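So the chains spell out like this:
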Amino acid sequence: MAHDTHIHVRTQSEFEYAKKKRADEMKGHLATFAIMIFLTLIAFTMVAAGFSTYLIVPIILLMAGIQVILQLYYFMHLSGKGHGMVAFFLFCGIFVAFITVLALVTIVWW
């Protein structure tokens, strides 16, 4: 029943608030994207420069982990209001997975 729908018309102050909020969100997305491009350039530069594999692999894994967190937090909108519990469980799961992989690697290589 389309004729029963209510159309909410925003006031000028609501419109300005939403516009400012979207602009701030876009600035955060662009800054995060720039950081991820910078981290990727560092990784490619280290590989192209011919650094030791024992130096490159941990640094690239660390930068990949940072990029995953940035992707989840900003581009998957976990920084938004009401996503605190979802983000908490997601990051706890990532932490448990990291500890499990670290334990298995330690058992195998030690």
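Keep in mind it's a predicted model, so treat the numbers as computed, not measured.

Let's talk about the packing of aromatic side chains
- The final tally for this structure, using the stated rule, is 1 aromatic pair.
- Taking 5.4 Å as the distance between ring centres and 65° as the angle between the ring planes, the aromatic pair formed by F88 and F89 counts as edge-to-face.
- For F88, a relative accessible area of 47% puts it in the partly exposed group.
- By relative accessible area, F89 is classed as exposed at 54%.

A short note on the packing of helix α1 (residues 12-49) against helix α2 (residues 53-75)
- Two elements in contact, α1 and α2, have axes separated by 10 Å at closest approach and are oriented at 165°. In terms of orientation, α1 lies roughly antiparallel with respect to α2. Considering only the axes of α1 and α2, their crossing is left-handed. Listed contacts from α2 to G28, H29, T32, F33, I35, M36, L39, T40, I42, A43, M46 and V47 of α1 are L55, I56, I59, I60, M63, I66, Q67, L70, Q71, Y74 and F75.
- Looking at the contact of α1 with α2, its residues break down into 17 nonpolar, 6 polar and no charged.

Some details on the environment of L39
- Within the fold, L39 resides in helix α1.
- Between the alpha carbons of L39 and Q67 there is a distance of 8.0 Å; along the sequence they are 28 residues apart.

Comments concerning the pattern of salt bridges
- For the structure on display, the rule yields 1 salt bridge.
- Linking D24 and K20 is a salt bridge whose minimum nitrogen-to-oxygen distance equals 3.1 Å. Placement of the pair is D24 and K20 together in helix α1, with a separation of 4 residues, close to one helical turn.
- Relative accessible area serves as the criterion here: at 53%, K20 is assigned to the exposed category.

Observations concerning a nonpolar patch on the surface
- A cluster of nonpolar side chains, contributed by V101, L104, V105, I107, V108 and W109, occupies part of the molecular surface with about 700 Å² of accessible area.
- Mapped onto the secondary structure, V108 falls in helix α3 (residues 84-109).
- Judged by its relative accessible area of 64%, V108 is exposed.

The rules behind the values
- Residues numbered from 1 in each chain as written.
- Predicted model: local features only at pLDDT ≥ 70, side-chain atom pairs only at ≥ 80, totals over all residues.
- Heavy atoms only, no water.
- Phe/Tyr/Trp six-rings, centres within 6.5 Å; stacked < 30°, edge-to-face > 60°.
- Buried < 20%, exposed > 50% of the residue type's maximum accessible area, 1.4 Å probe, protein only.
- Axes fitted to C-alpha atoms, helices over the stretch in contact; angles between N-to-C directions.
- Helix = DSSP H or I, 4+ residues; strand = E, 2+ residues; numbered from the N terminus.
- Parallel < 35°, antiparallel > 145°, perpendicular 65-115°, else oblique.
- Left-handed = near helix turned anticlockwise from the far one by under 90°.
- Contact = heavy atoms within 4.5 Å.
- Nonpolar A, V, L, I, M, F, W, Y, C, P; charged D, E, K, R; others polar.
- Salt bridge = Lys/Arg side-chain N within 4 Å of Asp/Glu carboxyl O.
- Patch = residues over 30% accessible without salt bridge, like charges linked within 9 Å, V, L, I, M, F, W, Y side chains within 5 Å.
- Areas by Shrake-Rupley, 256 points an atom, 1.4 Å probe, with all protein chains shown as cover.

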